[in-house]
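# Tertiary structure, described
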Amino acid sequence: MYRRIIRAWPLLLLVMVLVVPAQLPATNGMYLTAYGAETLGRGGANLAISDRTLAINFNPAGISQLQGNHFSANLAVLVPSLTFQNMANPSPIDSESSYFPLPSFAYVRAGKESKWSWGIGMIAQGGMGATFKNTNTFFGTQDKTDSEVRFGTLVPTVSYAISDDMSLGLAANVGYADVAFAFYPETSFFNTENPAFSFPGVEMGTAGGLQYNFRLGWMWRATPKFSVGAIYQTETQSDFTGGDLTVNYNGFPFIGQKVGYQADVDGFTFAAQAGVGFALRPNDKWVLALDIKKNYWDDAIDTITVTGKNPDSPLPPPFNEVVLPFVFNWKDQWVYALGADYRVNDALTLRAGYNYGENPVPDDTLNPLFPANVEDHLSFGFSYLAGSISYEFGIEHAFNASQTNNNPNPQVNPFGPGTTVEHSQWTAAFGISWAWARK
């Protein structure tokens, strides 16, 4: 088994390059509520539980609880439902229907022969985005808006067993993220009476680059029935460069064409996280888990600035450089995850959970391009153990969240006062895990 897994790694890497990072609407801000089918079924609660190999992406200290070799493959599919309306679109406009695949793979080696355990995984970390076509603009045209943010990483991990009941772990998320957007790209309006209120549509192809952060974890089995875990993850160091920005100056009499720029994005960062979790095993049948986390979006996402330079046509100032500020001013977010496992027999385990993540988006900066406002999630799942192989399934529903932006400032709210976004989601996850050479 071990040799077969090792030979499969080049193929798995190719799959990850092709499909990760994947675009997806946000759940807990820009993060997913859970990684892996087991954790999804429990509402994302697992800071004090080691869920197979994917513990590397929650609490890396948890891999010290595993014995032998472990490999997991998971595929989550996220299905969002989004609507948007404003004064120009009094009837709700549905976003494009999409299915977003979110794969993850991980391998862990742990054993009593050493205090050290290690693992590595490839994981779709999170993102957000939305596409609305055939929307009415304030300039008498029909056009589209589009956005996507994607983030996937390679996750090398080590854990050290301080004792049989306590461990420390460290994981690095090293990967790639990119961002792209379009805001009425086929619309161009020049206001002859007040040029300051003119509008050129814009569209930017993917700007991306290397991203990295570090996650420190601690886990302690205080008694055979009670465990505690804690994590801290640093703010992601982000680099978004190399975008192709197209600005539509067709309606501007002194330019009269679309102009391309080289674009970079500044101020877009995945937040630092801190959290603590508890797991109670009142008997051999039940596991009850509670996680409390904080995502520090206030420090991560304030004003995101897109800067376009080096136009492909010679233009005089100020058109030789484009600066587009997007005001977000996100708030810090508390996340609460409550879940339970019920062991029916030696093979079958049932799960259920609830996840609440505060909406980090203020009303007066709500933007349909980046709909990160869902809060309440309810989930169910199960796993079935057949010898050394475990089959896992989880499903989660994020209940509809409705939010309205009445900010009259067009520099902050370009969609106008009365802009309303409604957002709900379904997520289903499937997993399979192998364990071998356990001692």
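All values derive from a computational prediction rather than experimental measurement.

Attention now moves to the overall build of the protein. Broken down by element type, the protein carries three helices and 19 strands. The C-alpha atoms of the protein give 23 Å as radius of gyration, which agrees with the globular expectation for 439 residues (22 Å, within 12%). Reported as C-alpha extents along the three principal axes, the dimensions of the protein are approximately 80 × 40 × 30 Å. When each of the 439 residues of the protein is scored for burial, the buried share is 55%. Look at the contacts in the protein between residues 6 or more apart in sequence, and 71% of them connect residues 24 or more apart.

Aromatic rings considered in pairs are described by the distance between their centres and by the relative angle of their planes. Inspection of every chain in the model, using the stated rule, returns 36 aromatic pairs. Their ring planes at 25° and their centres at 4.6 Å tell us that F183 and Y184 sit as a pair that is stacked. You can call F183 buried: its relative accessible area is 9%. For the ring pair F240 and F268, a centre distance of 6.0 Å and an interplane angle of 40° mean the geometry is tilted. Separated by 28 residues along the polypeptide, F240 in strand β9 (residues 240-248) and F268 in the loop between β10 (258-266) and β11 (273-280) bring together distant segments of the chain. By way of ring pairs, the aromatic residues Y31, F151, F240, F268, F270, W297, F328, W330 and F370 are connected into one cluster.

We now examine the environment of S188. Turning to its location among the elements, S188 is positioned in strand β6 (residues 166-189). Using a relative accessible area of 22% as the deciding quantity, one classes S188 as partly exposed. For the pair S188 and G29, spaced 159 residues apart in sequence, the C-alpha to C-alpha distance is 33 Å. Not counting chain neighbours up to four residues away, the residues in contact with S188 comprise F199, N248, Y249, N250, G251 and F252. A distance of 3.4 Å separates the side chain of S188 from the backbone nitrogen of N250, its partner in a polar contact. At 2.8 Å, the side chain of S188 and the backbone nitrogen of G251 are in polar contact.

Before going further, it helps to examine the nonpolar core. The biggest cluster of nonpolar side chains holds 77 residues, and the ones touching the most others in it are L245, Y249 and F268. Tallying contributions element by element places β6 first for this core, with six residues. Discounting residues that sit within four places of it in the chain, L245 has contacts with F181, V202, E203, M204, V259, G260, Y261, A263, V306, G308, V322 and L324. Counting seven residues, the second-largest nonpolar core is a separate cluster that includes A45, A48, A279 and V287.

Attention now goes to the pattern of salt bridges. Side-chain pairing between opposite charges can occur once the charged atoms of the two side chains come close. According to the stated counting rule, one finds twelve salt bridges in the structure shown. R150 is paired through a salt bridge with E148; the nearest N and O atoms lie 3.7 Å apart. The salt bridge involving R343 is made with D346; its shortest N-O contact spans 3.1 Å. Linked by salt bridges that have partners in common, E38, R42, R52, D341, R351 and E392 make up one network.

What follows deals with the pairing of strand β15 (residues 333-343). Where strand β12 (residues 286-295) meets β15, ten bridges bridge the pair, whose relative direction is antiparallel. Its bridge partner being in β15, N295 is matched across the sheet by Q333. The pairing of β15 with strand β16 (residues 348-357) spans nine bridges and is antiparallel. Residue pairing for β16: A337 is matched across the bridge by N355. Counted along the chain from β15 to the antiparallel partner β16, the turn is four residues long.

Turning our eyes to something else, we now look at the pairing of strand β5 (residues 142-161). Bridging between β5 and β6 involves 15 bridges; their strand directions are antiparallel. Its bridge partner lying in β6, R150 is registered against D178. Connecting β5 to the next strand, β6, in antiparallel fashion are four residues.

What follows is about the confidence of the model for the protein. Averaged over every residue, the pLDDT of the protein is 88; the share at 70 or more is 93%. Here residues 1-24 scores under 50 on pLDDT; set against residues more than four positions off or in separate chains, the count is 49 contacts.

Turning next to unusual backbone geometry. In the segment running from P317 into P318, the intervening peptide bond is cis, with an omega of 0°. Here P318 shows up in the loop between β13 (303-309) and β14 (322-327). Phi is positive for N134, close to 55°, though the residue is something other than glycine. The residue N134 is located in strand β4 (residues 116-136) in this model. The class for N134 is exposed, based on a relative accessible area of 56%. Unusually for a residue other than glycine, Y184 sits at a positive phi of about 45°.

Let us now look at the environment of N136. Its location among the elements puts N136 in strand β4. By relative accessible area, N136 is classed as partly exposed at 29%. In this structure, the C-alpha to C-alpha distance between N136 and P90, residues 46 residues apart in sequence, is 9.6 Å. Contacts of N136, omitting those with residues within four sequence positions, involve A88, N89, T141, Q142 and Y184. At a separation of 3.2 Å, a polar atom in the side chain of N136 contacts the main-chain carbonyl oxygen of A88. Only 3.1 Å separates the side chain of N136 from the side chain of Q142, close enough to count as a polar contact.

What counts, and at which threshold
Residues numbered from 1 in each chain as written. Predicted model: local features only at pLDDT ≥ 70, side-chain atom pairs only at ≥ 80, totals over all residues. Heavy atoms only, no water. Helix = DSSP H or I, 4+ residues; strand = E, 2+ residues; numbered from the N terminus. Rg over C-alpha atoms; globule rule 2.2 N^0.38 Å. Buried < 20%, exposed > 50% of the residue type's maximum accessible area, 1.4 Å probe, protein only. Contact = heavy atoms within 4.5 Å. Phe/Tyr/Trp six-rings, centres within 6.5 Å; stacked < 30°, edge-to-face > 60°. Polar contact = N/O pair within 3.5 Å; in protein donor to acceptor, adjacent residues only side chain to side chain. Core = buried A, V, L, I, M, F, W, Y, C linked by side-chain atoms within 4.5 Å. Salt bridge = Lys/Arg side-chain N within 4 Å of Asp/Glu carboxyl O. Pairing = 2+ DSSP bridges. pLDDT = per-residue confidence, 0-100.

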